[in-house]
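So you can see what is in the structure, the chains are spelled out below.
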Amino acid sequence: MKNPTCIFCKIIAKEVPAQIIAETNDILVINDIAPKAPIHYLIIPKNHIADVKSLQDTDVELAGKMLLMAKQLSQVLPEPRAFKLVMNNGAAVGQSVFHIHCHFLAGKQMTDF
Ligand code: 5GP
Ligand code: ZN
């Protein structure tokens, strides 16, 4: 499933280093290299899928696993365990890496988009 030009595929293959927060058979969680909040993780499925628009019906389990990973990551946050999930889809809204991922943000006020 590896795309040779994709930075996240290279990180998943351990060809490019990253700070790994969690790893399962299907998902890698890393620290964002340019954090926008005190806690800024990237939840990245290991399959190279460009974005949410590219998901297939057969990806339903993978999509669910991304949310359950967010739940697992939230368990170490201080109460009230507040966090924000962001998925950019398309360069027009800020997507810069075209390998599906979910931003997990916490540790500061983020009441406006
Ligand atoms: P997007 O803009 O596509 O929603 O999010 C891509 C994110 O990947 C950005 O927040 C950017 O800082 C992060 N990023 C880009 N290249 C790397 C990298 O080589 N390592 C890590 N850890 N994060 C990266
Ligand atoms: Zn990729």
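Everything discussed here concerns the structure shown above.
These figures come from a predicted structure and were not determined experimentally.

### Comments concerning the overall build of the protein chain
- Regarding its fold elements, the protein chain presents 2 helices and 5 strands.
- Ordering the α and β elements of the protein chain from the N terminus gives α-β-β-β-α-β-β.
- When each of the 113 residues of the protein chain is scored for burial, the buried share is 35%.
- In the protein chain, the proportion of contacts linking residues at least 24 apart, taken out of those at least 6 apart, comes to 51%.
- Carbon together with sulfur atoms contributes 57% to the accessible area of the protein chain, which is approximately 7,000 Å² in total.
- A gap of 5 Å separates the mean positions of the 11 positive and 10 negative side-chain charges of the protein chain.

### Let's talk about the packing of aromatic side chains
- Applying the stated criterion across every chain yields a total of 2 aromatic pairs.
- Between Tyr41 and Phe104, the ring centres sit 5.5 Å apart and the planes meet at 25°, which makes this aromatic pair stacked. Within this pair, whereas Tyr41 is found in strand β3 (residues 39–45), its partner Phe104 is found in strand β5 (residues 102–106), the two being separated by 63 residues in sequence. Note on accessibility: Tyr41 and Phe104 belong to one class, buried.
- Ring geometry for Phe83 against Phe104: centres 4.8 Å apart, planes inclined by 15°, an arrangement best described as stacked. A residue pair is termed long-range when its members are at least 10 positions apart, and Phe83 in the loop between α2 (60–74) and β4 (84–86) and Phe104 in strand β5 qualify at 21 residues.

### Some words on the site of ligand 1
- Taken together, 16 residues are adjacent to ligand 1, and Asp32, Asn88, Gly94, Ser96 and His103 come closest.
- Take Ile33: an N or O atom from its main chain is 3.3 Å from a nitrogen atom of ligand 1.
- A distance of 2.9 Å separates an oxygen atom of ligand 1 from a polar backbone atom of Val97.
- Coverage of ligand 1 by the protein amounts to 85% of the 520 Å² it exposes when considered alone.
- For the shell around ligand 1, the elements supplying multiple residues, two or more each, are α1 (7–12) and β2 (27–31).
- For the shell around ligand 1, the element with the highest residue contribution is α1, accounting for 3 residues.

### A closer look at the coordination of the zinc ion (ligand 2)
- Those donors, Cys6 (SG), Cys9 (SG), His48 (ND1) and His99 (ND1), are the protein atoms that reach the zinc ion (ligand 2), and they lie 2.0 to 2.3 Å from it.
- In this structure, the zinc ion (ligand 2) is coordinated by 4 donor atoms arranged in tetrahedral fashion, with angles at the metal of 104 to 117°.
- Read N to C, the donor residues that coordinate the zinc ion (ligand 2) are spaced as C-x2-C-x38-H-x50-H. Taken together, the residues Cys6 in the segment before α1 and His99 in the loop between β4 and β5 connect sequence positions 93 residues apart. Exposure class is identical for Cys6 and His99. Each is buried.

About the thresholds
- Residues numbered from 1 in each chain as written.
- Chains lettered and ligands numbered in written order.
- Predicted model: local features only at pLDDT ≥ 70, side-chain atom pairs only at ≥ 80, totals over all residues.
- Heavy atoms only, no water.
- Helix = DSSP H or I, 4+ residues; strand = E, 2+ residues; numbered from the N terminus.
- Buried < 20%, exposed > 50% of the residue type's maximum accessible area, 1.4 Å probe, protein only.
- Contact = heavy atoms within 4.5 Å.
- Areas by Shrake-Rupley, 256 points an atom, 1.4 Å probe, with all protein chains shown as cover.
- Lys, Arg positive; Asp, Glu negative; His and termini not counted.
- Charge placed at Lys NZ, Arg CZ, Asp CG, Glu CD.
- Phe/Tyr/Trp six-rings, centres within 6.5 Å; stacked < 30°, edge-to-face > 60°.
- Near = heavy atom within 4 Å.
- Polar contact = N/O pair within 3.5 Å; in protein donor to acceptor, adjacent residues only side chain to side chain.
- Donors = N, O, S within 2.8 Å, 3.2 Å for Na, K, Ca; no water.
- Tetrahedral: all angles 85-135°; square planar, octahedral: opposite > 155°, others 65-115°.

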